[in-house]
Structure formats: C-alpha cells, structure tokens
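Listed below, chain by chain, are the residues.
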Amino acid sequence: MRRLALAFIVIVAAGAGLPAQKSESVIRAGIIGLDTSHAIEFTRILNDASAADHVSGAKVVAAFKGGSPDLEASTSRIDKYTEQLRTKWNIEIVPDIPALCSKVD
C-alpha cells in the first residue's frame, strides 16, 4: 500500500513535459485534488520522518486543490484539507497543474 500511495503522488509530473528541478536526495512530490483525507495521509507518510509508517525518499512540497465542483462531498472538504496542508505541513498550494508540475520531480 505504501508503494502505491507513493506512486500515486509522484506520478503527478510524469510525462508532463515541463521542467522540474530534481533534488539529489529527496524526490519532490505533488498532490492533485485536496478533497479527501488521503492528501493529508500521503503527506504525513512522506513528510513525517518520525511516523512509524514513514516512507523515505520523497517529500510532498506542493499541491493543487482540484476536486469535483459538482459534488458537495468534494467541495465541502477542499478548504479544510488545503488549510491543514498549508499550515501543518507547510505545503505550497499552487493555482493550477502546470504550476504544480514545475515544482515537483
């Protein structure tokens, strides 16, 4: 499951054709869609080295809100999870996917 989660996040920039700056020690990952608690959990697993289930080698550095505007269950949660990522994890929230891709590996 951990590898699947890591692949889900890291795939954001794959094939995007946009330049990204690669860190030599840690892969910079991004998240698209902040309407579920998965965004928080993936960030915690990757960014919190003290967590028992920590996965090293990647770090979430940026996110795009995304979501589904026609689903109340999506739109009602985006701001809450976005604020958690911004304040607790210091994740940069970007305005669109191309901006996200420019910040991740």
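You'll find the structure just up there.
Residues numbered from 1 in each chain as written. Predicted model: local features only at pLDDT ≥ 70, side-chain atom pairs only at ≥ 80, totals over all residues. Heavy atoms only, no water.

**Q** Run through the packing of helix H2 (residues 38-47) against helix H3 (residues 72-88), naming residues and quoting values.
**A** Contact pair H2 / H3: the axes reach a minimum separation of 9 Å and the direction vectors enclose 20°. The orientation of H2 relative to H3 falls into the category roughly parallel. At the point where H2 passes H3, the crossing takes the left-handed sense. Listed contacts from H3 to Ala39, Ile40 and Thr43 of H2 are Tyr81, Gln84 and Leu85. By residue class, the composition of the contact of H2 with H3 is four nonpolar, two polar and no charged. (Axes fitted to C-alpha atoms, helices over the stretch in contact; angles between N-to-C directions. Helix = DSSP H or I, 4+ residues; strand = E, 2+ residues; numbered from the N terminus. Parallel < 35°, antiparallel > 145°, perpendicular 65-115°, else oblique. Left-handed = near helix turned anticlockwise from the far one by under 90°. Contact = heavy atoms within 4.5 Å. Nonpolar A, V, L, I, M, F, W, Y, C, P; charged D, E, K, R; others polar.)

**Q** Before we move on, can you summarise H3 with the specific residues and values?
**A** For H3, which comprises 17 residues, the first-to-last C-alpha distance of 25 Å matches the rise-based estimate of 24 Å (1.5 Å per residue) to within 8%. In this structure, the buried side of H3 is in contact with H2, strand S2 (58-64) and strand S3 (92-94). Among the residues trailing H3, asparagine 90 stands out with phi positive, at a value near 55°. (Expected span 1.5 Å × (residues − 1).)

No statement about biological role is implied by the geometric values presented.
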